[in-house]
Amino acid sequence: MIYSNRAEWLGASQKRVLLFGMSGLGKTYLASMLRASASGWFHYSVDYRIGTRYMGEYIADNFKREAMKNPFLRELLLSDSVYIASNITFDNLAPLSTYLGKPGSPAKGGLPFDDYMLRQNQHRAAEKSALLDTEHFIARAREIYQIPHFVCDSGGSICEVVNPEDPADPILNALSRNLLMVWIEGSDAHTGELVRRFDRAPKPMYYQPQFLERKWVEYRVERGLKEDEVNPDDFVRWTYAQALAHRQPRYAAMAENWGIKVRAEDVALVRDEKDFTSLIAGALPA
């Protein structure tokens, strides 16, 4: 770890952290709060980088395919009279999740499974690249903007694109050389609330390919459905809770082997940079 104890963290003139864990537990809240603090933190959002630098063209092309189905918009597109692009922000990643889509019946808004997996694989490559870009942005924050501190707001799927048990994992080695890896650990109550929230509004997510392919078969066998008979929302609801259980030990191994952990309950109490600094200090060895 780049800060081996509490004193090193508190005395560091350039504090650098990467926040990881399940979506909805406070990563973006903390990063946004730190970005707005007086001392200056550079906020690097991995999901934003994925959606703009690495998947922006895929997303825009998907919009254009839909627009070409409309004769009026088709004419305007072919004559370069309109410009179509996504408007991704740190707080609104809907264009990215919409592009990922959900597998199942096209009549219910689903994608053929092969097309869905293609987009999942695009996301996997993009996430790996965006994570490895972190070091470049640390340098940019310091050299261009003279911002001393750095927070990387990673996506919930970081644990799906690294191997926390492999000491030679290239992404985790690159990240841990430059940042303190901080797991925001949720409780069973948090997991239950995330599942309920997802059930109300299921959204596309990235999953590890082997896990996803296994669940796709299990779901259809259990219900006796062909691929084009699957309700996309029902499938992602069914998969979500299992995905959280699948990710939990991977997050735990990342914290054990590569960083530290803090509780989501304690993150919820953080109101300013001083609280955050104290929270991290409390998780480090004395």
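Computed from a predicted model, the values in this text were never measured in an experiment.

Draft legend 1. Structural view of the pairing of strand E1 (residues 16–20). E1 sits mainly inside the fold: 5 of its 5 residues count as buried. Relative to strand E3 (residues 149–153), E1 is paired through 4 bridges, and the arrangement is parallel. The residue bridging Leu 18 from the neighbouring strand is Cys 152, located in E3. Relative to strand E4 (residues 180–185), E1 runs parallel, the two being bridged by 4 bridges. Across the sheet, residue Phe 20 finds its bridge partner in E4, namely Trp 183.

Draft legend 2. Region of the structure containing the packing of helix H7 (residues 113–132) against helix H11 (residues 209–223). Contact pair H7 / H11: the axes reach a minimum separation of 11 Å and the direction vectors enclose 160 degrees. By the angle class used here, H7 and H11 are roughly antiparallel. Viewed along their axes, H7 and H11 form a crossing whose handedness is right-handed. Between H7, through Phe 113, Tyr 116, Met 117, Gln 120, Asn 121 and Arg 124, and H11, the contact on the second element is made entirely by Pro 209, Leu 212, Glu 213 and Trp 216. Of the residues that constitute the contact of H7 with H11, the class distribution is 6 nonpolar, 2 polar and 2 charged.

Draft legend 3. Structural context of the layout of surface pockets. The calculated volume of the largest pocket comes to roughly 820 Å³. Residue lining of the largest pocket: 33 residues in total, with Ser 23, Gly 24, Asp 47, Leu 93 and Lys 203 positioned closest to the centre. In terms of residue count, the dominant contributor to the lining of the largest pocket is helix H6 (residues 94–100) (4 residues). Here the residues of the lining of the largest pocket sort into 14 nonpolar, 12 polar and 7 charged.

Draft legend 4. The sheet that holds strand E5 (residues 259–263), seen in detail. Here 5 strands make up an open sheet; going across it, the order is E2-E3-E1-E4-E5 and the pairing parallel. In this open sheet, the two strands that pair with only one neighbour each are strand E2 (41–45) and E5. Sheet twist, expressed as the mean angle between neighbouring strand axes with direction ignored, is 25 degrees. In this sheet, E3 lies alongside E2 in parallel orientation, the contact comprising 5 bridges. Considered in E3, the bridge of Trp 41 is made with His 149. Along the sheet, helix H14 (residues 273–283) contacts E1, E2, E3, E4 and E5; its crossing angle with E5, the most-contacted strand, is approximately 120 degrees.

Draft legend 5. Summary view of the packing of aromatic side chains. Evaluation of the coordinates by the stated rule reveals 20 aromatic pairs. Between Phe 42 and Phe 137 the ring centres are 6.3 Å apart and the planes differ by 40 degrees, which places this aromatic pair in the tilted class. With a gap of 95 residues between them, Phe 42 in strand E2 and Phe 137 in helix H8 (residues 134–143) connect regions that are remote in the sequence. The same class applies to Phe 42 and to Phe 137, which are both buried. Taken together through their ring pairs, the aromatic side chains of Phe 113, Tyr 116, Trp 216, Tyr 219, Phe 235 and Trp 238 make up a single cluster. Lying across the ring of Trp 9, Lys 15 places its NZ or CZ 5.5 Å from the centre.

Draft legend 6. Broad picture of the environment of Leu 100. Within the fold, Leu 100 resides in helix H6. The spatial distance from the C-alpha of Leu 100 to the C-alpha of Leu 111 is 9.3 Å, given a sequence separation of 11 residues. In contact with Leu 100, not counting residues within four places along its chain, are Leu 111, Tyr 116, Arg 119, Gln 120, His 123, Pro 204, Met 205 and Tyr 206.

So, how was this worked out
- Residues numbered from 1 in each chain as written.
- Predicted model: local features only at pLDDT ≥ 70, side-chain atom pairs only at ≥ 80, totals over all residues.
- Heavy atoms only, no water.
- Buried < 20%, exposed > 50% of the residue type's maximum accessible area, 1.4 Å probe, protein only.
- Helix = DSSP H or I, 4+ residues; strand = E, 2+ residues; numbered from the N terminus.
- Pairing = 2+ DSSP bridges.
- Axes fitted to C-alpha atoms, helices over the stretch in contact; angles between N-to-C directions.
- Parallel < 35°, antiparallel > 145°, perpendicular 65-115°, else oblique.
- Left-handed = near helix turned anticlockwise from the far one by under 90°.
- Contact = heavy atoms within 4.5 Å.
- Nonpolar A, V, L, I, M, F, W, Y, C, P; charged D, E, K, R; others polar.
- 1 Å grid on protein atoms, 1.4 Å probe; cavity = no way out; pocket = protein on both sides within 12 Å on 5 of 7 lines; lining within 4 Å.
- Points joined across faces, edges and corners; volume = space filled by probe spheres on them.
- Phe/Tyr/Trp six-rings, centres within 6.5 Å; stacked < 30°, edge-to-face > 60°.
- Lys NZ or Arg CZ within 6 Å of the ring centre and 35° of its normal.

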